Amino acid sequence: MADCDVAVIGAGVIGESVAYELAARGAAVTLLDARGAGLGATQAAAGMLAPFIEGFGRPLLPLAARSLEMYASFIDRILRDTGIDVGYARSGSLHVANEEESIAELKVVAAGAKAAGVACDLLDARQALEREPSLAPDVMGGLLFPSHGFVGAIDLSAALCTGAVKHGARLIVPARVRRISSRGAEMDIELESGGRLVSQQVVIAAGCWSGLIDIDGMPPVPIRPIRGQLLQLAWSGDPLKRIVWGPRCYIVPSGPGTALVGATVEDAGYDERTTVAGVRDLLDAACDLVPQVWQASLVAARVGLRPATSDEMPVIGRSRAVPGVVFATGHFRNGVLLAPFTAKAVADVVLDNQEDPLLAAVSPQRFGEY
Ligand SMILES: Cc1cc2nc3c(=O)[nH]c(=O)nc-3n(C[C@H](O)[C@H](O)[C@H](O)COP(=O)(O)OP(=O)(O)OC[C@H]3O[C@@H](n4cnc5c(N)ncnc54)[C@H](O)[C@@H]3O)c2cc1C
């Protein structure tokens, strides 16, 4: 007899949103995490919901755009269920250029946006400075996406976990899963502590550590850690009105008197330390973009390991090798943005065996016998 319908391994924003969705639909869910809820890459995220900045034609864009569309109702539901305000704002974003070459790139992105029917405004230097007077005067132009926004990733994670538990999910922490194997129609989950759990199905949402879980009948899922450092500043100057994305960093006006500056992208294995180089590079870049950062105080340097695949696309879908296993991992730089889409798509697979057509692009089978 199984202990639960679905065990979700990993309580980052992805595991939490999947657990929340499954529990809300009536499944008996157990959510396990090796550390505690929200303490992986999720606690370092800037929380940007900005799929269009990096351009059109990317294979991730259809999923990211769908997830952005789902965000307002996702947040409404979480607020209704938990009463927790997660700092959600659709402020827009301004992508800033300070050389001719980058202006040309912004024009290409703007043309892609227009062709896709996504609203944006190409601005000259004067217009960019009118919109964001705190920008450095060397700005040459910008591209504004009014539909972009941000959410407080730490608050969102806490709210999702609270919501999942309110809907009856059981959270077990700390609990590090070592091995998963089929036992007839059920899944046997072995913990490092020696404990066990039996579940009908298992969702692998262990972020960059997903490949370290031994799953009988398949090779390790090919996810690697990419370190990101991010600074939290206490901001006393004129507040930015929207996300400002510059050549070497972005700044998110994440709350009254607060700004987040991100982020480094480093191949440093499982090393979760902040570094002097990372902090210095981000501070230099932020001061070049918005000179009044010199007046801000440094509240914290955060660090997280993003879960990356070789094609920088997530891995979402049911395993064919071990059908009781469903993957929800590899969200790299977009886990917060992709949470609503992932939660719904995974719940549809787990509970109804329904596959959203968008999952074809992120199938585990693109990497082999999974
Ligand atoms: C600096 C930085 C800025 C970012 N900014 C943004 C942004 O603006 N917008 C955006 O959308 N995304 C952003 N991201 C990316 C985003 O943070 C990630 O894509 C997302 O957090 C991944 O969530 P996850 O749940 O898959 O992984 P994680 O949050 O890493 O959670 C995985 C969890 O699994 C647990 N775990 C691991 N192994 C086991 C095991 N064997 N047993 C049990 N539990 C286990 C871990 O303890 C951890 O809690 C950013 C990331 C960084 C680092």
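Structure shown above.
Since we're looking at a predicted model, the values are computed, not measured.

S.K.: Whenever I open this one, the site of the ligand confuses me. Can you help?
M.R.: Around the ligand, the surrounding shell holds 39 residues, and the nearest of these are Asp33, Thr42, Met48, Phe332 and Leu337. Between the ligand and the protein, one listed contact pairs a nitrogen atom with a backbone N or O atom of alanine 34 at 3.0 Å. Here glycine 335 contributes a backbone N or O atom positioned 2.9 Å from an oxygen atom of the ligand. Contact with the protein chains covers 98% of the free accessible surface of the ligand, which is 1,000 Å². For the shell around the ligand, the elements supplying multiple residues, two or more each, are helix 1 (13-24), strand 13 (224-234), strand 17 (297-308) and helix 7 (335-352). Counting residues per element, the shell around the ligand draws most heavily on helix 7, at 3 residues. Looking at the shell around the ligand residue by residue, the class counts come to 23 nonpolar, 11 polar and 5 charged. Lining the shell around the ligand are residues from two domains, each supplying at least three of them: domain 1 (4-81 + 153-223 + 311-367) and domain 2 (89-149 + 225-308).

S.K.: Hey, could you run me through the nonpolar core in this one?
M.R.: Grouped together as the largest cluster of nonpolar side chains are 63 residues, with contacts concentrated most on Val8, Leu22, Leu156, Val203 and Val336. Looking at this core element by element, the count peaks at 10 residues for helix 7. Structurally, this core is a two-domain feature, drawing no fewer than three residues from each of domain 1 (4-81 + 153-223 + 311-367) and domain 2 (89-149 + 225-308). Setting aside residues no more than four positions away along its own chain, valine 203 makes contact with Val6, Ala7, Val8, Ile9, Val18, Val326, Ala328, Val346 and Val350. Listed in part, the 25 residues of the second largest apolar core include Leu135, Val139, Leu233 and Cys287.

S.K.: Explanation requested: the environment of valine 202 in the structure shown.
M.R.: Here valine 202 is to be found in strand 11 (residues 196-204). Classification of valine 202 by relative accessible area gives buried; the value is 0%. For the pair valine 202 and proline 323, spaced 121 residues apart in sequence, the C-alpha separation works out to 9.4 Å. In contact with valine 202, not counting residues within four places along its chain, are Ala7, Ile9, Ile180, Met187, Ile189, Gly324, Val325 and Val326.

S.K.: It is not clear to me how unusual backbone geometry should be interpreted in this structure. Could you clarify?
M.R.: Most peptide bonds take the trans form, and the phi angle of most residues other than glycine is negative. At the junction of valine 173 and proline 174, the peptide bond is cis and its omega measures out at -10° in the coordinates. Locating proline 174 in the fold gives a position in the loop between strand 8 (170-172) and strand 9 (177-183). Here glycine 262 and alanine 263 are connected by a cis peptide whose omega angle stands at -20°. Secondary-structure assignment places alanine 263 in the loop between strand 16 (258-262) and helix 6 (276-289). Positive phi is not limited to glycine here, since phenylalanine 332 has a value of about 45°. Exposure remark for phenylalanine 332: the relative accessible area of 11% places this residue in the buried category. Even without a glycine there, the phi angle at asparagine 353 is positive, about 50°.

Rules behind the numbers
Residues numbered from 1 in each chain as written. Predicted model: local features only at pLDDT ≥ 70, side-chain atom pairs only at ≥ 80, totals over all residues. Heavy atoms only, no water. Near = heavy atom within 4 Å. Polar contact = N/O pair within 3.5 Å; in protein donor to acceptor, adjacent residues only side chain to side chain. Areas by Shrake-Rupley, 256 points an atom, 1.4 Å probe, with all protein chains shown as cover. Helix = DSSP H or I, 4+ residues; strand = E, 2+ residues; numbered from the N terminus. Nonpolar A, V, L, I, M, F, W, Y, C, P; charged D, E, K, R; others polar. Domains from an automatic or database assignment. Core = buried A, V, L, I, M, F, W, Y, C linked by side-chain atoms within 4.5 Å. Buried < 20%, exposed > 50% of the residue type's maximum accessible area, 1.4 Å probe, protein only. Contact = heavy atoms within 4.5 Å.

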